[in-house]
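# Examination of the molecular architecture
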Amino acid sequence: MTKYEECPLLQNPPEQTTLLLLEGVHTFGRMGNNLIEFLHSLQFARDNDAVVGVIMGSWPMHLILDMWMAIHDGDVAAWRAFMEQAFCIRIF
């Protein structure tokens, strides 16, 4: 369990970090398929010692915000920190 609740890769310097970048605003298929695609990217990155990078305003951000991880009280910095730790991602 400890293996999946920590994210040491976020502490590495950028030149030592492999990044799987998710960008773009267009999606294909239904929302459920897009969610599965996002979750597959998280698993692929974890299996290959990489960090998923997500561009703010891209399709994964729209998916997450529309479905369940809305920003509460307008505190974007706290939300961003929570998301980065929860999903082991880097938001740009």
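Structure's up top.
Residues numbered from 1 in each chain as written. Predicted model: local features only at pLDDT ≥ 70, side-chain atom pairs only at ≥ 80, totals over all residues. Heavy atoms only, no water.

### Concerning the pairing of strand β1 (residues 18–22)
Where β1 meets strand β2 (residues 50–54), five bridges bridge the pair, whose relative direction is parallel. When the sheet's bridge partners are listed, T18 is paired in β2 with A50. In the classification by handedness, the crossover that spans β1, the intervening helix α2 (residues 31–47) and the parallel β2 is right-handed. (Pairing = 2+ DSSP bridges. Helix = DSSP H or I, 4+ residues; strand = E, 2+ residues; numbered from the N terminus. Right-handed = clockwise from strand over helix to strand, strands pointing away.)

### Comments concerning the pairing of β2
Counting buried positions over the five residues of β2 gives five, a clear majority of the element. Residues A50, V52 and V54 of β2 are buried on one face, and the alternating residues V51 and G53, pointing to the opposite face, are buried as well. Bridge count between β2 and strand β3 (residues 89–91): three bridges; the pairing is parallel. Within β3, the position partnered with V52 by the bridge is I89. (Buried < 20%, exposed > 50% of the residue type's maximum accessible area, 1.4 Å probe, protein only.)

### Quick word on the packing of α2 against helix α3 (residues 59–67)
Orientation of α2 relative to α3, taken along the N-to-C sense of each, is 115°, at an axis distance of 10 Å. When you trace α2 past α3, the crossing you get is left-handed. Residue-level inspection shows M31, N34, L35, E37 and F38 of α2 in contact with α3, the latter providing W59, P60, L63, I64, D66 and M67. In terms of residue class, the contact of α2 with α3 is made up of eight nonpolar, one polar and two charged. (Axes fitted to C-alpha atoms, helices over the stretch in contact; angles between N-to-C directions. Left-handed = near helix turned anticlockwise from the far one by under 90°. Contact = heavy atoms within 4.5 Å. Nonpolar A, V, L, I, M, F, W, Y, C, P; charged D, E, K, R; others polar.)

### Considerations on the environment of T27
Structurally, T27 can be placed in the loop between β1 and α2. Here the alpha-carbon distance between T27 and P60, two residues 33 residues apart in the chain, equals 9.2 Å. If we skip the residues at most four places from it in the chain, T27 touches N34 and W59.

### Observations regarding the environment of N12
If you trace the backbone, N12 turns up in the loop between α1 (2–5) and β1. Spatially, the C-alpha atoms of N12 and F87 are 16 Å apart, while their sequence positions differ by 75 residues.

### Describing helix α4 (residues 76–87)
The end-to-end C-alpha separation of α4 is 16 Å, in line with the 16 Å expected for 12 residues at 1.5 Å each. Every buried residue of α4 is listed here: W79, M83, E84 and F87. Angular distribution of buried residues about the axis of α4 spans 130°; they occupy a single face of the element. Looking at the buried positions of α4, the neighbouring elements they touch are α2, α3 and β3. (Expected span 1.5 Å × (residues − 1). Arc of directions from axis to C-beta.)

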